[in-house]
Amino acid sequence: MLELNGIHKIFNEGTPDEKIAIDHINLKVKQSDFITIIGSNGAGKSTLFNIIAGKLFPDVGDVLIENKKVTNLPEYKRARYMGRVFQDPMAGTAPTLSIEENLSIAYNRVKTRSFRLGVSSSRRTLFKEKLETLGLGLENRLEAKVGLLSGGERQALSLLMATFTKPKILLLDEHTAALDPSRAALITRLTKQIVEEEQLTTIMITHNMQQAVDLGNRILMMDKGKVIYEAAGEEKQKLTVPDLLNEFSKMKSDGAELSDRTLLG
Amino acid sequence: MFTSIFSSVEVGLMFAIMALGVYLSFRILDFPDLTVDGSFVTGAAVGAILIVNSTNPFLATALAFGAGFIAGTITGVLHTFGKINALLSGILMMIALYSINLRIMDAPNLSLLQHDHIFTKLNEAWGNTGIDAAMASFFTSIGLSDFIPKTWVIIIVMIIFVLLIKVLLDYFLKTEVGLALRAVGDNHLMITSFSGNINFYKVFGLGLSNGLVALSGALIAQYNGFADVNGGIGMIVIGLASVIIGEAIFGTKNIVRVTLAVIVGAIIYRVIVALALRVEFLETGDLKLITAVIVILALVMPQVIAKQKEAKRKKQRRARLAG
């Protein structure tokens, strides 16, 4: 489904601020894989996401989607293949547009936009149906401006908008990190439900170890632009948070001290 | 008095088209586009030179829209592909257009008085209907003979035309392309992640915005009977004034309401100017100053009113708790 071949990315090359963000990463994501990625700040998780999404382009290496090379395809064109949910609940929706208008924009992710009305009555029925699956009552507020919704509601809507058109790849960038615990739990539950129902190929960045252990069939741990630990299948299912912490300290012991910051950060 | 207000409504309706263009760039795209000062004159110049050369005035006005559209897209390209700051790309285009407008007209100003333009054509067609005479006798019969305007044709045709543009714009902003355009001004990250090419929408939106501005310029030139290369100075402020006045009065609940607000705002602005100019110590040259003051008032007054309301609410709340 998604393939990263020898990706290398350096920021500020040739200056004192030079930083190797991604250090020759190879990754093969199979159909219906659900991968969680953990790692400390600056490990390269977000850079990796940006390279997959086309916001950044690798210095070396290729990105393939369904065996098609998309390395140099700009972000907006690559969006046809993927749905994305961001950490900031404000980032995934347009605040001055109504709920149904936002959904219409999301609906057009895979279609060329035309001069037809964005919200037709048949689409409205579809949107209503989809909103009902969230169980938040948003289906009764189709014409409300999204800016009026709470952070949790907006993030749930973002998740729906990213997924209801069945993207080939779903990218979740710490999408529960900015929410309070109960809202975060709701979004996590919805994520699990939607990904299972639609059999979506998913990659999720998280700082929540419990979440990383609970969700998905594969886990990657990143540090300094490299994948330093990986588990899949049965090994992943048996994995617990202490195991993960153990792995983390093992990797860190060859040099840097393990601190709260690297764990939580 | 009535005649001057009547004609400011006529002019206000024409400027309303420009204000809708400014609304598109300023509010919808969130792009402070100063091209307007130049593209307004471009519209006037293209319309005027074509009319002077005996082109059909309706075609000439449509082509003026096209010229403005092109000017807007160039500003858009400077900003998106040239990565020039929004304000600066507008200013650059405005300056460039000054020279281009001079080239188009081949003179600092062009008179249309000897030529057939939209309003002479409309007057001809209208003259046969006898509606003006009927209205005149009606006004005289109710004892308002002082209030008879020269003709009703301009105001009626302009109301229909402006409303038509409004309805088309309302519809457009609800189409798939229109929604994407609105999202560009709202949230770049979001529309990009849903396959929207923000560069394309910015260029297209600025084209449309300046097309409307130029259309307005062409109409104003024909109404005034001349096109002047300096006719666009401060146009962006007038457009903004209309948008802000309209929004302050009607609110921004939905697109249909805001576009109407902008149109009425443009008319109110003209009426305020007409009334201000009747004040004894003010001269025609003070127009720009008056405009600036109106915009400042329209921006500051809502804040002052909101503050007063809040103070009143707190006072009542305190009184209730104390009592």
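Residues numbered from 1 in each chain as written. Chains lettered and ligands numbered in written order. Predicted model: local features only at pLDDT ≥ 70, side-chain atom pairs only at ≥ 80, totals over all residues. Heavy atoms only, no water.

Considerations on the overall build of chain B
To keep things clear, this is the line we draw: Secondary structure elements are defined from DSSP: runs of H or I of at least 4 residues count as helices, runs of E of at least 2 residues count as strands, and each element is numbered from the N terminus. Throughout, radius of gyration means the C-alpha value; the globule benchmark is 2.2 Å times the number of residues raised to the power 0.38. Exposure is judged per residue with a 1.4 Å probe applied to protein chains only, and the accessible area is read against the type maximum: over 50% gives exposed, under 20% gives buried, and values in between give partly exposed. Throughout, a contact is declared for two residues whenever any of their heavy atoms are within 4.5 Å.
In terms of regular secondary structure, chain B is built from 13 helices and 2 strands. Its C-alpha radius of gyration of 22 Å places chain B within 12% of the 20 Å reference for a compact globule of 323 residues. Overall, the C-alpha framework of chain B stretches about 70 × 60 × 40 Å when taken along its three principal axes. Within the span of chain B, comprising 323 residues, buried residues form 50% of the whole. Expressed as a percentage of contacts within chain B between residues at least 6 apart in sequence, the contacts between residues at least 24 apart total 79%.

Let's talk about the sheet that holds strand β3 (residues 34–39) of chain A
Residues and elements named next belong to chain A. Quick reminder of the rule: A pair of strands is treated as paired once DSSP finds two or more bridges between them. Fitted lines through C-alpha atoms give the axes, limited to the stretch in contact for helices. The angle between two N-to-C directions lies from 0 to 180 degrees.
The strand order across the open sheet built from 6 strands is β6-β7-β8-β3-β9-β10, with neighbouring strands paired in mixed fashion. This sheet does not close on itself; its edge strands, each paired only once, are β6 (82–85) and β10 (226–232). Strand after strand, the sheet turns through a mean of 15° between neighbouring axes, direction not considered. Note: β3 against strand β8 (residues 201–205), 4 bridges, orientation parallel. Note that in β8 the partner of I35 across the bridge is I203. Most of the contacts of helix α5 (residues 151–163) go to β6, to which it runs at about 170°, and overall it touches β6 and β7 (169–173).

Structural notes on a nonpolar patch on the surface
Quick reminder of the rule: Each patch is assembled from residues with relative accessible area greater than 30% and no salt bridge, linking like charges that lie within 9 Å and nonpolar side chains (Val, Leu, Ile, Met, Phe, Trp, Tyr) that lie within 5 Å. Shrake-Rupley sampling with a 1.4 Å probe provides the accessible areas, and residues are treated as covered by the protein chains on show and by no other component. Salt-bridge detection follows one rule: a side-chain nitrogen of Lys or Arg within 4 Å of a carboxyl oxygen of Asp or Glu.
Nonpolar side chains collect at one region of the surface, where L289(B), V293(B), I296(B), L297(B), L299(B), V300(B), M301(B), V304(B) and I305(B) lie side by side and expose about 750 Å² of accessible area between them. Following the sequence through the fold, V293(B) ends up in helix α13 (residues 287–322).

Section: the pattern of salt bridges
All names here are of chain A. Per the counting criterion, the structure on display carries 16 salt bridges over all chains. A salt bridge links E3 to K28; the shortest N-O distance between them is 3.8 Å. Pair noted here: E3 is in strand β1 (residues 2–11) and K28 is in strand β2 (residues 19–29), with a separation of 25 residues, a long-range link. Assessed through its relative accessible area of 17%, E3 is described here as buried. By relative accessible area, which is 55% here, K28 ends up exposed. Linked by salt bridges that have partners in common, D33, R218 and E230 make up one network.

Focus on the UniProt feature "domain: ABC transporter" (unreviewed entry) in chain A
Which entries qualify depends on this criterion: UniProt positions are given in the numbering used here, feature names are shortened, and annotations may be inferred rather than shown by experiment.
UniProt's feature table lists "domain: ABC transporter" (unreviewed entry) at residues 2–249 of chain A, given in the numbering used throughout. Taken end to end, residues 2–249 of chain A comprises 35% helix and 25% strand; its first and last C-alpha atoms sit 30 Å apart.

A short note on the nonpolar core
To keep things clear, this is the line we draw: For the purposes of this section, nonpolar cores are sets of buried Ala, Val, Leu, Ile, Met, Phe, Trp, Tyr and Cys residues that join through side-chain atoms within 4.5 Å.
In this structure, L103(A), L131(A), M18(B) and M158(B) are the most contacted members of the largest nonpolar core, which totals 110 residues. Ranked by residues supplied to this core, first place goes to helix α1 (residues 2–28) of chain B with 15 residues. For M158(B), the contacting residues outside a window of four places in its chain are L13(B), M14(B), I17(B), F119(B) and L219(B). Counting residues in each nonpolar core, the second largest holds 27 residues, with I22(A), Y81(A), L220(A) and M222(A) among its members.

Structural notes on the UniProt feature "transmembrane region" (unreviewed entry) in chain B
Residue and element names in this part refer to chain B. Annotation from UniProt places "transmembrane region" (unreviewed entry) at residues 6–26, 58–78, 85–104, 152–173, 200–221, 233–251, 258–277 and 289–306. Between the C-alpha atoms that bound residues 6–26 there is a distance of 29 Å. The span itself is 100% helix and 0% strand. The span residues 233–251 carries 84% helix and 0% strand; its end-to-end C-alpha distance comes to 28 Å.

Quick look at helix α4 (residues 86–105) of chain B
Residues and elements named next belong to chain B. Rules: Multiply 1.5 Å by the residue count of a helix minus one, and that product is the helix's expected span. Pairs of N or O atoms within 3.5 Å make up the polar contacts considered here, provided that, within protein, one atom can donate a hydrogen while the other can accept it, and that residues adjacent in sequence are counted only when both atoms are side-chain atoms.
With 20 residues, α4 extends 28 Å from end C-alpha to end C-alpha; this agrees with the ideal 28 Å at 1.5 Å per step. Along α4, the residues classified as buried are A86, S89, G90, M93, L97, N101 and M105. Summarising the contacts, the buried residues of α4 are in contact with α2 (36–52), α3 (57–80), β1 (109–111) and β2 (226–228). Of the residues flanking the start of α4, the one acting as N-cap is N85, its side-chain oxygen 2.8 Å from the backbone nitrogen of L87. Looking one or two residues past α4, D106 carries a phi angle of roughly 65°, positive in sign.

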